[in-house]
Amino acid sequence: MLRFITSRFLQSLLALFLVITATFFMVRFVPGGPFTAEKAVTPEILRNLEAHYGLNKPLWRQYLDYLGSLAHGDLGPSFKYPNRTVNEILSDKLPVSAELGAESLAVALVLGIGLGTLAAIRRNTWVDYLASGFGMTGISIPTFVVGPLLVLALAIHAGWFNASGWYEPADRVLPCLVLGLAYAAPISRLTRGGLLEILHQDFIRTARAKGASEFRVVTRHALRGGLLPVVSFLGPATAGILTGSFVIETIFQVPGVGREFVNSAFNRDYTLVLGTVILYAALIMALNLAVDIAQAWMNPKVRLES
Amino acid sequence: MPSRLIASLFLSLLVAAGCARKENPPVGTATALAKKILRVGNGTEPQDIDPQTITGTPEYRLMISLYEGLVALAPDGKTLEPGVAERWEVSPDGLTYTFHLRANAKWSNGQLVTARDFVRSAQRMLTPALGADYSYMFFYVGGGEDYFHGKLKDFSETGFQAPDDRTLRLTLRQPTPFLLQAMLHHAWFPVPIDVIAKFGGLDRKGSDWTRPANFVGNGPFVLTEWRPNQVIVVKPSPTYWDRARVKLDEIQFFPVELAETEERMFRTNQLDLTYEVPLSKIPVYRREQPEVLRTDPYCGVYFYRFNVQRKPFDDVRVRRAFALAIDRESLVKNVTLAEEQPAFALVPPGVGGYQSRHHLTGDIAEAQRLLAEAGYPGGAGLPKIELLYNTLEKHRTIAEALQQMWRKNLGIDLTIYNQEWKVYLDSQKTTNFQIQRAGWIADYVDPHVFFDLWRTGGGNNNTNWGNAEFDRLLTQSLDAKTTADRYEVYQRMEKILLDELPVMPIYFYTYTRLVRPDVKNFRTTYLDNYPWKYVELAP
Amino acid sequence: MSTAATTIATEPIEKGNSLWHDAWLRLQKNKLAVFGLWALIVTTLTCVTGPWLMHYGYEEQNLDLGAVRPSAAHWLGTDTLGRDLLVRLLFGGRISLAVGLAATLVALSIGVTYGAVAGFFGGKLDAVMMRAVDIMYSLPFAIFVILLMVFFGRNIVLLFVAIGAVEWLTMARIVRSQVMAIKKMEFIEAARSLGFGRRRIIFRHILPNVLGPIIVYTTLTIPGVMLLEAFLSFLGLGVQPPMSSWGVLIKDGAEKMEEFPWLLIFPGAIFSLTLFSLNFLGDGLRDALDVRSSKD
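Note that the structure is predicted; figures quoted are calculated from it, not measured. (Residues numbered from 1 in each chain as written. Chains lettered and ligands numbered in written order. Predicted model: local features only at pLDDT ≥ 70, side-chain atom pairs only at ≥ 80, totals over all residues. Heavy atoms only, no water.)

**Concerning a nonpolar patch on the surface**
Point 1. The grouping of A:Trp126, A:Tyr129, A:Leu130, C:Leu32, C:Phe35 and C:Leu273 at the surface amounts to a nonpolar patch, some 660 Å² of accessible area in total.
Point 2. Mapped by element, the contributors of at least two residues to the nonpolar patch are helix H5 (126–140) of chain A together with helix H3 (31–53) of chain C.
Point 3. Here the nonpolar patch gets three residues from one element, more than from any other, and that element is H5(A).
Point 4. Within the element layout of this structure, C:Phe35 appears in helix H3.
Point 5. Accessibility expressed as a relative area gives 44% for C:Phe35, which makes it partly exposed. (Patch = residues over 30% accessible without salt bridge, like charges linked within 9 Å, V, L, I, M, F, W, Y side chains within 5 Å. Areas by Shrake-Rupley, 256 points an atom, 1.4 Å probe, with all protein chains shown as cover. Salt bridge = Lys/Arg side-chain N within 4 Å of Asp/Glu carboxyl O. Helix = DSSP H or I, 4+ residues; strand = E, 2+ residues; numbered from the N terminus. Buried < 20%, exposed > 50% of the residue type's maximum accessible area, 1.4 Å probe, protein only.)

Set out below in structure tokens:
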């Protein structure tokens, strides 16, 4: 196990390095730069700005400089927000997104796994239709529709919440609900599908034959194997949900890091793009590792191969 | 396993909720009103609050609360009145401006605002290493440009002089009749040089001096809180010379990016004043709540650029045909919706008192005739034409509407396509387009802005068009003895533009926003730079 | 369209009573699945042929008319430029269904093959392949799309490439985990001991047993693909106006839902109907292909 994790860590480090390198050069080849503005900037000013941020050096030199400061944990200054560093922006905003993400994930897991399980056990009954109907509705209505709809209903007409913001505890409810529902839908579908695969396997029949209650059969035996697809889905989904959602954060005015993923690319804020990418990549790799471990545990036949 | 997983997730949820940082919420309407807190939607998160390095509109609106220049806007939002300078004189040749600073103008740290502060601020602005986009606004003063280019080493040899603490003398390179108007721009606001020096050097952009704890300004308000992407809070500055006139107790600026979100916040009483109004809501408010909808002229023009080096727009007849064949009235009435003025000239009506004498005239029949003359009768034989716009619903809708008008009136099938903002700017800079959507908002209220744009090879021209006579007139205009003489020159220049049409004007901008009736004495000015110090809250 | 169904139906059926043949028979007994299949066929046919029967063009405007409610002249109303929504919806359907089908097929074929190979062989190959997936997950998508456009211009094929490039990743991970679980089962060991080739084992013995999750995840991918298309149009890739797609129509409708609800309701309804049909069909297929459950 330890050997497996060490080996994966080293692999991921290499992968991370490749991601950084690829991103570093990709952003530079995109037209427009951090100082491209609607009103023309005189060449002198542009030269000075570039000199200020070291953009006048040869690209390979900038790359090495970046790696050098990265080795010291310094992600550099932001181009768009000159008085803030990338480290500062990420450490300010990640906790907000992570909080929103964790709460939404809880909503998504409880609802998704719960409804999916119900649907699988009571397959082709009204319970299944209701639960599956929820899942299908959830995946066919995008968040940019659900969000404003809930705001109109619960904030503007009922007056229970603020329309947006992230100031009071009550402000968490709507964004968490919308984001949670968006993930609950696919999770419920995957749970149902996964469980149906398992519920007819021999070992479940054996358990049933031995007189175990249906509840026990499901929780003790079936979910373990039936959640495999859900768990595979959860790796990248959790990385996505914890690093925030562009749509939700924009609609609800949440000061999270999710918006920076998209906006930094639009602003050509090279360092911030790299910062967000590193953050996301590290999370993806850590979570996919966790998923692999979880899957080995869920299915004893799967061995961790290093 | 899942039950345990769920239980632990619930636990983490509780923990997360418990640890949720306690943040003081925005105050509800009733309280906000009683406490005289104005809540303003302010577009995007400001880049910084250093008036010398920022460039955006949201930042400008913030700057007006935090700093004050030599001159200021009067409560009518149009005329100039004394700011830090209590009076000034201009020499008869228009080359020397002498400002007399008031004795009680103070920084928020209690120190006096001196003439030397203005000189040193100008020096910082002209330091190339700072990389300030608006440095060119200081080139009007003698030696400014040379110092910026390093041709002049000693700043004391420039036209920025402070004979004593309360006298500032500016000696200009050539007469600049709009200098006082330009001084309303944030680039001309003084900055606290000593404070900036303490936090890492004058030529360093983005040092810590703009943090709330370190901030020093000379405006009616001071920065007390800055939560990125959440809120910026300013409170009245106790040291401001005109403190008695400041009526609000606090302003909260909310960086709300999405117009739809902002409008919903307005409806739940989270905002008193919005930054914009979603297009589809304008008719609704006009119908149902006209008292909260404000629509005012805005000093800018919306136009399409032609690339005069690409076929078929190298032919002025084709450009003219395109410009004539659209129905501007229908466009502003049915598509842009905000009472914009259809543009048949290039300068918005009444900028600095200038009224365009020449206009784009001609009907669709003439457009068709011109197109035929150019060798494309009924659009036949035209090369593939593509129209570039940047990704925004409004630009798309306008382009779609015009596309249909050209098809109907001229028989032209052109393609419209969008690019993401910075790619679009790159195409603009390299004139990699045939027709391009664009707009221009003035930095100061003077017709000069709208002519300077089209200087041959000017950085903002981007049409490949140039005209020697036009350039000559542009230089000549500044030497005119009176404003009337100067405007006569502009009329001739506008005639050239309308004859050659490197761009086709579409409409003049308006500014639309929602304002709660409790907000008193607020105006949307031509540049949306109304001083916050006059604004009041009262039921 | 119905991606899976039609290909399955036309697949040369091996030796009469094969898995596919049985499945097809079972599928026909599932009312919801049959409904889904028909709904998809009808929607597709309407989108393909409908516009020829209409007397409005998708780009035809009536600025003075503006946005009006559904009426006899315009069955689903008009948008703010006075264009007939029904026609736009049908044209948009062509784009969305085509994107949904093509990009999903790209994602499906890459994802399933990739995941199956990685899962089956395991070891170093798996490690390399999965780290490559991690890398692809992490690259900034907006930058990737802008670069694609800069180098290849605006092109509908790019749209499929861009969408396919991101959508296959999770599919690969799901298939891989399933294959890893199944490859250790007795019947696979038996197939190995019979000396079957790896390719045959993967495609004949393993994949049929992971079809369930593949189908379920595919039905989850399609809405994502269709909505992603709207985001890509925003970046300038994808369909250019005045042509539209369901994703773009829904996005526009969402911004005007209070003033002109029909601009959201109708595109949303047809989008949901299509996705429900796909899910019914997917569930039916899943059940029909589940050999073990049929023995119950």
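**With respect to unusual backbone geometry**
Across residues other than glycine, the phi torsion is negative in most instances, and most of the peptide bonds are trans.
Point 1. Cis geometry marks the peptide bond from B:Lys311 to B:Pro312; its omega dihedral reads 0 degrees.
Point 2. With respect to the element layout, B:Pro312 can be found in the loop between strand E11 (293–306) and helix H10 (316–324).
Point 3. Residue C:Pro242 is bonded to the preceding C:Pro241 through a cis peptide linkage, with omega at 5 degrees.
Point 4. At B:Lys36, a residue that is not glycine, the phi angle is positive and equals roughly 60 degrees.

**Things to note about the pattern of salt bridges**
Point 1. With the rule as written, the count across this model stands at 67 salt bridges over all chains.
Point 2. Among the salt bridges present, the one from B:Arg267 reaches C:Glu258, with a minimum N-O distance of 2.4 Å. Separated into two different chains, B:Arg267 in helix H8 (residues 259–267) and C:Glu258 in the loop between helix H11 (246–255) and helix H12 (262–289) make up a pair that spans both.
Point 3. Overall, C:Glu258 belongs to the partly exposed group, its relative accessible area being 31%.
Point 4. For B:Glu373, the salt bridge identified is with B:Arg369, shortest N-O distance 2.5 Å. Remark: B:Arg369 and B:Glu373 occur in helix H12 (residues 364–373); sequence separation between them is four residues, near one turn of the helix.

**Quick word on the interface of chain C and chain A**
Point 1. Counting residues at the interface gives 59 residues for chain C, matched by 59 residues for chain A.
Point 2. A combined buried area of about 5,300 Å² lies between chain C and chain A, and 67% of that area is made up of carbon and sulfur atoms.
Point 3. Ranking the residues of chain C by area buried against chain A places C:Arg131, C:Ile143 and C:Arg173 at the top, with a combined share of 11%.
Point 4. Summed over the shared surface of chain C and chain A, the number is six salt bridges. (Contact = heavy atoms within 4.5 Å. Buried area = accessible area lost by both parts, 1.4 Å probe.)

**Side note on the sheet that holds strand E6 (residues 160–164) of chain B**
Residues and elements named next belong to chain B.
Point 1. Spatially, the four strands line up as an open sheet ordered E4-E5-E7-E6, and their pairing is antiparallel. Each edge of the sheet is formed by a strand with only one pairing partner; in this case those strands are strand E4 (85–90) and E6. Averaged over all pairs of adjacent strands, the angle between their axes in this sheet comes to 20 degrees, without regard to strand direction.
Point 2. Note that E4 and strand E5 (residues 96–101) share five bridges and pair antiparallel. Within E5, the residue paired with Ala 85 across the bridge is Leu 101.
Point 3. On the sheet, helix H4 (residues 115–125) packs against E5, E6 and strand E7 (167–171) and is oriented at approximately 160 degrees with respect to E6. (Pairing = 2+ DSSP bridges. Axes fitted to C-alpha atoms, helices over the stretch in contact; angles between N-to-C directions.)

**What to know about the sheet that holds strand E1 (residues 37–41) of chain B**
All names here are of chain B.
Point 1. What the four strands build is an open sheet, ordered E1-E10-E9-E8; its pairing is mixed. On the outer flanks of this sheet lie E1 and strand E8 (221–227), each paired with one strand and no other. The average undirected angle you get between the axes of adjacent strands in this sheet is 20 degrees.
Point 2. Relative to strand E9 (residues 231–236), E8 is paired through six bridges, and the arrangement is antiparallel. In the sheet register, Arg 227 faces E9, and the bridge partner there is Val 231.

**Some thoughts on the interface of chain A and chain B**
Point 1. Every contact between the two is made by 58 residues of chain A and, on the other side, 66 residues of chain B.
Point 2. For the chain A and chain B pair, buried surface summed over both sides reaches about 5,400 Å², with 58% attributable to carbon and sulfur atoms.
Point 3. The three residues of chain A that bury the most area against chain B are A:Glu38, A:Asn83 and A:Tyr167, which together make up 15% of that side's buried surface.
Point 4. Our enumeration of links across chain A and chain B arrives at five salt bridges.
Point 5. Its salt-bridge partner being B:Asp443, residue A:Lys39 comes within 2.9 Å of it at the nearest N-O pair.
Point 6. For the side of chain A that touches chain B, the elements supplying multiple residues, two or more each, are helix H2 (43–52), helix H4 (86–121), helix H6 (143–157), helix H9 (214–226), helix H11 (246–251) and helix H12 (258–267) of chain A.
Point 7. When residues in the side of chain A that touches chain B are grouped by element, the largest group, nine residues, is from H4(A).
Point 8. Residues belonging to the side of chain A that touches chain B are distributed by class as follows: 30 nonpolar, 13 polar and 15 charged. (Nonpolar A, V, L, I, M, F, W, Y, C, P; charged D, E, K, R; others polar.)

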